[in-house]
Each structure stands twice: as C-alpha cells, then as structure tokens.
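# Structure at a glance
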Amino acid sequence: LSQRLQKLADLRRNEGYVTECHRDEDGSWTLQEMHCSVQRIAEEFPAVCDQELLLIRRSVPDCQVERVHWRLEGGHACGFRITPREG
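Throughout what follows, the structure given in this document is the object of discussion. (Residues numbered from 1 in each chain as written. Predicted model: local features only at pLDDT ≥ 70, side-chain atom pairs only at ≥ 80, totals over all residues. Heavy atoms only, no water.)

## Notes on the pairing of strand 1 (residues 18–23)
Operational definition: Note on pairing: two strands pair once DSSP finds at least 2 bridges between them. Only runs of H or I of at least four residues qualify as helices and only runs of E of at least two qualify as strands under DSSP, and these elements are numbered from the N terminus.
Where strand 1 and strand 2 (residues 29–35) come together, six bridges link them in antiparallel fashion. Considered in strand 2, the bridge of E20 is made with Q32. Counted between consecutive antiparallel strands, the loop separating strand 1 from strand 2 contains five residues, among which G27 sits at a positive phi close to 95°.

This is the structure we're talking about:
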C-alpha cells in the first residue's frame, strides 16, 4: 500500500498538483494536495472533484477513502484519509 500511495502521489505531482502522502499514527494514510491544477475549473464545475475522489478510490480498492479537507469549502488543501480495509 505504501508503494502504491507514493506512486499515486508521484503521478499527481506529474499532473501539476503539489501532493504529499504520509502515514498517520492510527495506520491510515493522508494524501494532501496543496495546489490544484484544475481549481478554476472545479470552482465552476465541482463534479470534477467528485471524479478525483472516485479516481483515488479506484486506485486503492482495498481501502476506504474519504475527503477530509476541500479547497472549495475553504480548506487550505484538499485532503483524503485512506484507511486499509480489514480482511
């Protein structure tokens, strides 16, 4: 999972995002995007952000992915909590 998430963060950086990924003390992961290369589009069409969430969920189908910060709601970054599923 660590390697897959680092690869996802690398791919996002290559797309123009300023992305960080780190493991949290509880065993979950946080993926943060401090700069969004499509923010102006997302401001007019927020569904773009829903597609981003779907992309991350499909990239790690063995995990629960939830958005915990959102730039469009005044956050300083878009943030996603990624939690491995049991089993």
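This is not the end of the story, as more comes after the structure.
## Things to note about the pattern of salt bridges
Operational definition: By convention in these notes, a salt bridge is any Lys or Arg side-chain nitrogen within 4 Å of a carboxyl oxygen on Asp or Glu. Note on exposure labels: buried denotes an accessible area under 20% of the residue type's maximum, exposed denotes more than 50%, and partly exposed covers the range between, all computed with a 1.4 Å probe on protein chains only.
Tallied over the entire structure, the rule returns six salt bridges. Notably, a salt bridge pairs R13 with D10, separated by 2.3 Å at the nearest N-O pair. Linking R13 with D10, this pair stays in helix 1 (residues 2–14), spanning three residues, or about one helical turn. Given the relative accessible area of 35%, D10 is considered partly exposed. Put simply, R12 and E15 hold a salt bridge, and the shortest N to O gap is 3.0 Å. A relative accessible area of 5% means that R12 is categorised as buried. By relative accessible area, which is 46% here, E15 ends up partly exposed. What you see here is one network of salt bridges that share partners, running through R12, E15, E33 and E52.

These results come straight from atomic positions and should not be treated as a statement about function.
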